[in-house]
Amino acid sequence: AQTVTQSQPEMSVQEAETVTLSCTYDTSENNYYLFWYKQPPSRQMILVIRQEAYKQQNATENRFSVNFQKAAKSFSLKISDSQLGDTAMYFCAFMPNFGNEKLTFGTGTRLTIIP
Amino acid sequence: EPEVTQTPSHQVTQMGQEVILRCVPISNHLYFYWYRQILGQKVEFLVSFYNNEISEKSEIFDDQFSVERPDGSNFTLKIRSTKLEDSAMYFCASIGREVEAFFGQGTRLTVV
């Protein structure tokens, strides 16, 4: 069974600074997908970024980027120029293959951006 | 941008009553899921649905739960005889060929 570990229950950072959230996972699969989701106080789950394991290039989406280290089974999220609206719970998630496979979530990191 | 839509946003029900949570997935998506999140806790998988049948279910998804896609668009989760511990946020999700799992805004279920 796959497991996803987020070792930072809470983090805080000053507005405009850069913050990195860590995630590690355990799997015997070679091809898989990794995701970061943002859950603001409204509790909606918003997809932030996605990484395909067979792609060596790290995914980026505007201020959000990942550092994907396949051998280390690490998938960290970097938020640059952090904004107050980035305050939320962040969940890392793993999916073994496309189709018919469930997402497994980590326990989340509560990120607070301090004005 | 296409989105997953869930109704209602909040449901309060008496213990022992049946509830139906509704979801309209993104139209060209193929795989559908229900997850739940008890307040402050982890997001837990309940069930996945593909080609009009359940493909996988968790140990949480016991006989009190059922899912169906009655008309090719709606995707429902039925909870029979609700218990206090069923109080949670329930999320519907769908995945298409781009392998981006989109979630609905959730239904907050409160069992009293």
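Residues numbered from 1 in each chain as written. Chains lettered and ligands numbered in written order. Predicted model: local features only at pLDDT ≥ 70, side-chain atom pairs only at ≥ 80, totals over all residues. Heavy atoms only, no water.

Peer 1: Would you take a moment to explain the packing of aromatic side chains for this structure?
Peer 2: Aromatic ring pairs are described here by two measures, namely the spacing of the ring centres and the angle between the planes. The full count for this structure, using the stated rule, is 20 aromatic pairs over all chains. Taken together, a centroid distance of 5.8 Å and an interplanar angle of 50° make the contact between Tyr37 of chain A and Phe105 of chain A tilted. Taken together, the positions of Tyr37 of chain A in strand E5 (residues 33-39) and Phe105 of chain A in strand E11 (residues 104-105) put the pair 68 residues apart, joining distant regions of the chain. We note that Tyr37 of chain A, like Phe105 of chain A, is buried. Geometrically, the ring pair formed by Phe105 of chain A and Phe103 of chain B is edge-to-face, given 5.9 Å between the ring centres and 75° between the ring planes. Here the residue Phe105 of chain A occupies a position in strand E11, and Phe103 of chain B occupies one in strand E10 (residues 101-103), the pair thus bridging two chains. (Phe/Tyr/Trp six-rings, centres within 6.5 Å; stacked < 30°, edge-to-face > 60°. Helix = DSSP H or I, 4+ residues; strand = E, 2+ residues; numbered from the N terminus. Buried < 20%, exposed > 50% of the residue type's maximum accessible area, 1.4 Å probe, protein only.)

Peer 1: Can you walk me through the state of the cysteines in this structure?
Peer 2: One way to say it: the disulfide is the covalent bond shared by the sulfur atoms of two cysteines. Within the structure shown, the criterion is met by two disulfides over all chains. There is a disulfide in this structure between Cys23 of chain A and Cys92 of chain A, and the S-S distance comes to 2.0 Å. Handedness of the Cys23 of chain A-Cys92 of chain A disulfide follows from its S-S torsion of about -70°: it is left-handed. Placement of Cys23 of chain A in the loop between strand E3 (19-21) and strand E4 (24-26) and of Cys92 of chain A in strand E10 (residues 88-95) is noted, with a sequence separation of 69 residues between them. For the residue pair Cys23 of chain A and Cys92 of chain A, the accessibility class agrees, reading buried in each case. Linked covalently through their sulfurs, Cys23 of chain B and Cys92 of chain B form a disulfide whose S-S length is 1.9 Å. Here the S-S torsion is close to -60°, and the disulfide linking Cys23 of chain B with Cys92 of chain B is therefore left-handed. Placement of Cys23 of chain B in strand E3 (residues 19-24) and of Cys92 of chain B in strand E9 (residues 88-95) is noted, with a sequence separation of 69 residues between them. You'll find Cys23 of chain B and Cys92 of chain B in the same group, each marked buried. (Disulfide = S-S within 2.5 Å.)

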